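# What the coordinates show
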Amino acid sequence: MSFEYSVTYSAENNYENPVENAYWQFLIIPENNDTQELISVEIKNSLEAKGGFSQNGFGFQTIRINTSERFQKINFSATFKLKKISFNPFGQIPIFDIPSNYELVKSLNFKVDHEPYLRETKYTALPAGSENLFVFDTSISIFENLQKLNKWIYLFIHFNTGVTHVNTLLEEIINNPEGVCQDFTHLFCALAKANNIPTRYVSGYLHQGNGYFGDSQMHAWAEAYIPQVGWIGFDPTNNLLVNDNHIKVAHGKDYNDCSPLKGVVYSQGANKTSHSVEVQAEQ
Amino acid sequence: MKPEVKKPIFSSYINNPALFDEVFNNDGAAKNVYQKLLDLYGDHSIQDYVQLNNKAKSSFFNQGITFQVYDNKETQEKIFPFDLFPRIIDEDEWEIIERGAVQRSRALNLFLWDIYHDKKIIKDGIVPLDLISSSANYLHQMIGVDPPGGIYNHISGTDIIKHSDGNYYVLEDNIRCPSGVSYVICNRTALKRALFGVFNHYKTHSVTNYAENLLDILESVKPKGVDVPNCVVITPGMYNSAFYEHSYLAKAMGVELVEGRDLFVENDFVYMKTIRGPIKVDVIYRRVDDQYIDPLEFRADSSLGVPGLFAAYIKGNVCLANAPGTGVADDKAIYTYMPKIIKYYLDETPILNNVHTYHCSRPNELKYVLEHIHELVVKPVDEAGGYGISIGNRLSKAEIKVVQEEIKQNPRKYIAQPIMSLSVHPTYIDDSESFEQRHVDLRTFTLLGNKKEFVLKGGLSRVALKKGNLIVNSSQGGGSKDTWVLKK
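Quantities reported herein were computed from a predicted structural model and do not represent experimental measurements. (Residues numbered from 1 in each chain as written. Chains lettered and ligands numbered in written order. Predicted model: local features only at pLDDT ≥ 70, side-chain atom pairs only at ≥ 80, totals over all residues.)

The subject of this paragraph is the overall build of chain A. The secondary structure content of chain A amounts to six helices and 15 strands. With the principal axes as the frame, chain A shows a C-alpha extent of 60 × 45 × 35 Å. Counting only residues that meet the buried cut, chain A has 38% of its 283 residues in that class. (Helix = DSSP H or I, 4+ residues; strand = E, 2+ residues; numbered from the N terminus. Buried ≥ 20, exposed ≤ 12 C-beta atoms within 10 Å, placed from the backbone.)

Before going further, it helps to examine the overall build of chain B. Along its length, chain B carries 13 helices and 22 strands. Judged by the C-alpha coordinates and their principal axes, chain B covers about 80 × 60 × 45 Å. Residue burial in chain B is summarised as follows: out of 488 residues, 46% are buried. Put simply, 70% of the contacts in chain B that link residues at least 6 apart link residues at least 24 apart. (Contact = placed C-beta atoms within 7 Å.)

With burial as the criterion, each face of strand β6 (residues 231-234) of chain B is covered, one bearing B:Cys231 and B:Val233 and the other bearing B:Val232 and B:Ile234. Once you follow β6(B) into helix α8 (residues 243-253) of chain B and on to strand β7 (residues 256-258) of chain B, the crossover reads as right-handed. (Right-handed = clockwise from strand over helix to strand, strands pointing away.)

It is worth spelling out the sheet that holds strand β11 (residues 283-286) of chain B at this point. All names here are of chain B. Read across the open sheet, the four strands follow the order β7-β6-β11-β12; overall the sheet is parallel. Single-partner strands in this sheet number two, and they are β7 and β12 (319-321). Geometrically, the sheet is characterised by an average inter-axis angle of 30° between neighbouring strands, direction not taken into account. Both β11 and β12 contribute to a ladder of three bridges, which runs parallel. Residue Val283 lies in a different strand from β12, and its bridge partner there is Cys319. Packing of α8 onto the sheet brings it into contact with β6 and β7, and relative to β7 it is tilted by some 150°. (Pairing = 2+ DSSP bridges. Axes fitted to C-alpha atoms, helices over the stretch in contact; angles between N-to-C directions.)

This part covers the packing of helix α7 (residues 210-220) of chain B against α8(B). Residue and element names in this part refer to chain B. Packing of α7 against α8 brings their axes to within 9 Å, and their N-to-C directions diverge by 80°. In terms of axis orientation, α7 runs roughly perpendicular to α8. Contacts between α7 and α8 involve Ala211, Leu214 and Leu215 from the first element and Leu249, Ala252 and Met253 from the second. Each residue belonging to the contact of α7 with α8 can be placed in one class, and the counts come to six nonpolar, no polar and no charged. (Parallel < 35°, antiparallel > 145°, perpendicular 65-115°, else oblique. Nonpolar A, V, L, I, M, F, W, Y, C, P; charged D, E, K, R; others polar.)

For the rest of this paragraph, the subject is the packing of helix α3 (residues 142-156) of chain A against helix α5 (residues 181-194) of chain A. All names here are of chain A. It is the contact of α3 with α5, at a shortest axis distance of 10 Å, that shows an interaxial angle of 140°. By the angle between their directions, the pair α3 and α5 is classed as oblique. Along this stretch, α3 crosses α5, giving a crossing that reads as right-handed. For the pair formed by α3 and α5, the contact residues are Leu146, Leu149, Asn150 and Ile153 on the first element and Phe184, Leu187, Phe188, Leu191 and Ala192 on the second. Grouping the constituent residues of the contact of α3 with α5 by class yields eight nonpolar, one polar and no charged. (Left-handed = near helix turned anticlockwise from the far one by under 90°.)

A few words now on the confidence of the model for chain B. Chain-level statistics for chain B give a pLDDT mean of 90 and a share of 94% at 70 or above. Scoring the predicted complex yields pTM 0.92 and, for the interface, ipTM 0.93. (pLDDT = per-residue confidence, 0-100.)

What follows concerns the nonpolar core. Among the nonpolar cores identified, the biggest contains 117 residues, and B:Ile284 and B:Ala416 are the most heavily contacted of them. Leave out the neighbours within four places in its chain, and B:Ile284 touches B:Val232, B:Ile234, B:Val318, B:Cys319 and B:Leu320. (Core = buried A, V, L, I, M, F, W, Y, C linked by C-beta atoms within 7 Å.)

Our next topic: the environment of A:Leu133. With respect to the helices and strands, the residue A:Leu133 is situated in the loop between α2 (108-113) and α3. It is 10.0 Å that separates the C-alpha atoms of A:Leu133 and A:Trp152, two residues lying 19 residues apart in sequence.

To continue, consider the interface of chain B and chain A. Counting residues at the interface gives 20 residues for chain B and 18 residues for chain A. For the side of chain B that touches chain A, the elements supplying multiple residues, two or more each, are α4 (120-123), α5 (129-133) and α9 (309-314) of chain B. In terms of residue class, the side of chain B that touches chain A is built from 10 nonpolar, six polar and four charged.

This part covers the sheet that holds strand β9 (residues 269-272) of chain B. Residue and element names in this part refer to chain B. As summarised here, the arrangement of the three strands in space is β8-β9-β10, forming an open sheet in which the pairing is antiparallel. Whereas interior strands pair on both sides, the edge strands pair on one side only; in this sheet they are β8 (263-266) and β10 (279-281). The average undirected angle you get between the axes of adjacent strands in this sheet is 45°.

Residue and element names in this part refer to chain A. What the domain assignment reports for chain A is domain 1 (2-85 + 259-282) and domain 2 (98-258). If you look at the interface, domain 1 gives 21 residues, while domain 2 gives 19 residues. Mapped onto the side of domain 1 that touches domain 2, the elements with two or more residues apiece are β1 (2-19), β6 (71-85) and β15 (271-282). Each residue belonging to the side of domain 1 that touches domain 2 can be placed in one class, and the counts come to 13 nonpolar, five polar and three charged. (Domains from an automatic or database assignment.)

With that settled, consider unusual backbone geometry. Going from B:Ala321 to B:Asn322, the amide bond is cis rather than trans, its omega being -5°. Here B:Asn322 is to be found in the loop between β12 and α10 (332-335). In this structure, A:Glu48 is a non-glycine residue whose phi angle is positive, near 50°. Relative to the elements of secondary structure, A:Glu48 occurs in the loop between β3 (36-45) and β4 (50-55). Despite not being glycine, B:Lys451 has its phi angle at roughly 60°, a positive value. Along the chain, the position of B:Lys451 falls in the loop between β19 (434-449) and β20 (452-455). Accessibility expressed as a C-beta count within 10 Å gives 8 for B:Lys451, which makes it exposed.

It is worth spelling out the environment of B:Val145 at this point. Residue and element names in this part refer to chain B. Along the chain, Val145 falls in the loop between α5 and β4 (155-162). The exposure class of Val145 is partly exposed, given the 19 C-beta atoms found within 10 Å. Separated by 169 residues in the primary sequence, Val145 and Ile314 have C-alpha atoms spaced 6.4 Å apart. Ignoring anything within four residues of it in the chain, the contact list for Val145 reads Tyr116 and Ile314.

Next up, the structure:
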């Protein structure tokens, strides 16, 4: 079974002083994968500035906007229509050969192949002494451990907006466990990696029809690589396995590789950016 | 009137037998290749030499060839000290250097291809995974990317020394943005102006063909589908210490010198702004570091780069030389694996020796280093320009303690090597108004293109001007000499 989503992303940028020239890169387009298919993209900006498609360094499609006339305010919006195939996240789970799975993740070849997603990054570095916050029980499968980790983080961090920001490091989260999806995801990545499981940060949209946390902003979750299966999505903010309410945009090592908006603005003074997201199911 | 007494130029030269003098044997006789030179200089007095040396120096002033030295407080504009007494390398010795430099460049290129593709050398246990995964210069964005022509290190600057055992050793392979080649050419110009009568007696290889070969190499790695590529040199700007070189190379190649703001990207193609409208750019010799080339992909606060450049690169629409991510192999910890890297990819024995290196990241070697600092050179793995180097036998006890603490704090950041006794070359010293022995090294320049390679027959002989000093980098107050490679 499949159904359609319509996703609208809007951003408004206000600048204290006139901007002569600016480049923006939006990493907000839903990717095409086994469970989702992009149908259409519609982009608008209030300045009618030149736009186009490109890609980021990890191959995800981006939208580029370049202005060359003076301005102090720009509104931007994009609407995506996509088809989502409904799936059962447990449907693809096999019977695990538990000891050999744990052996595999410790092998050199495995570590080399997954190096980017095993490496510690700025936002997934665990403060000294917290490497053992969550240690896998090797008598049960990696998949089960990751589900436990998912739940553990869901219970450990109290969802609260406005406490953390895009540059919050894990030390702060561990000392004061409050934050948003990004913080849940960074901690999940860090602790899964500490247990030798390649894990990546995913940004995307969440259809909130069922009262999930995620706000009217972009959402973040994690994907972990499980031997015998491949990449599986975990949403620690909602203690869920990723399902057909999750619309993936991009993945990377951490937020830094996935930030939805990057800009180079030739101007001085303060600026204010606000964005919002709306996801609608059209069955 | 009493005639002024003129001292012959080497009358007060002290030849320390403990050092390897490139010009004089221990018995005081000159080595073969220098005999003619000394005969020719023999007619001159030290006063004549000073006069000629000053004339040569003024040629640098006139050409505005300066560089900047950074320290904590201020930057200073300086003239690179030049010594008119040339270094001569005969054809047989040069052949070894040249073959060795090409061998290293080719091996490094294969290494880079491998670690950004199949990573076989790591899976085979030759190079530890940790050296890659802990390197800030390993760019994940480059994994699976095929650089045009398959080349990463188009330009390599290999630093070579002649040890007191008479053999050549490589100290470093510089493959980020090695500089110094413009000094090689300017040194030659200055020397020829001052001493054409002497230069003329030797059959020396030209160095002015560097720029045309560089252009050839750059054109050989043009993107697919481009017929005649438009090449440019991108510079961080006039405040960069090597700005003179950037402008020199652009001029000598007959291509545009640009800054980031002169370029823009549209639909993943790169264009140069000109008064006649945009012109597409196909190959960029970039003298801007990886982290600054594209604020949309790397450091967002960089104003030196071009927004969107990296996407244009990975789409294959523009070539960057050297390729992004090349710096991972420029790491001094990778250097220690060079003999193994050469063997692995080329199945050859290294032509040039490596200096034995201790990795502070390995516990037993760390222990050795901490206990033997007084007889070692300690270097940070990721700094260039001679910054952060400690030479053990020059340190006080208190200074050794500081270095030990520093290493213990961050062992991965340091390697240590035995203190190498660099060969010495007679160099005119202003303070004593005479020639004295000074340590020298040699930076060679190797170019690698699509089915093309080139080694500049010559190089930058850098002289440590302070007596006994072993650090020759210009940023540490080093000077330079013209280097003659003789023809067969």
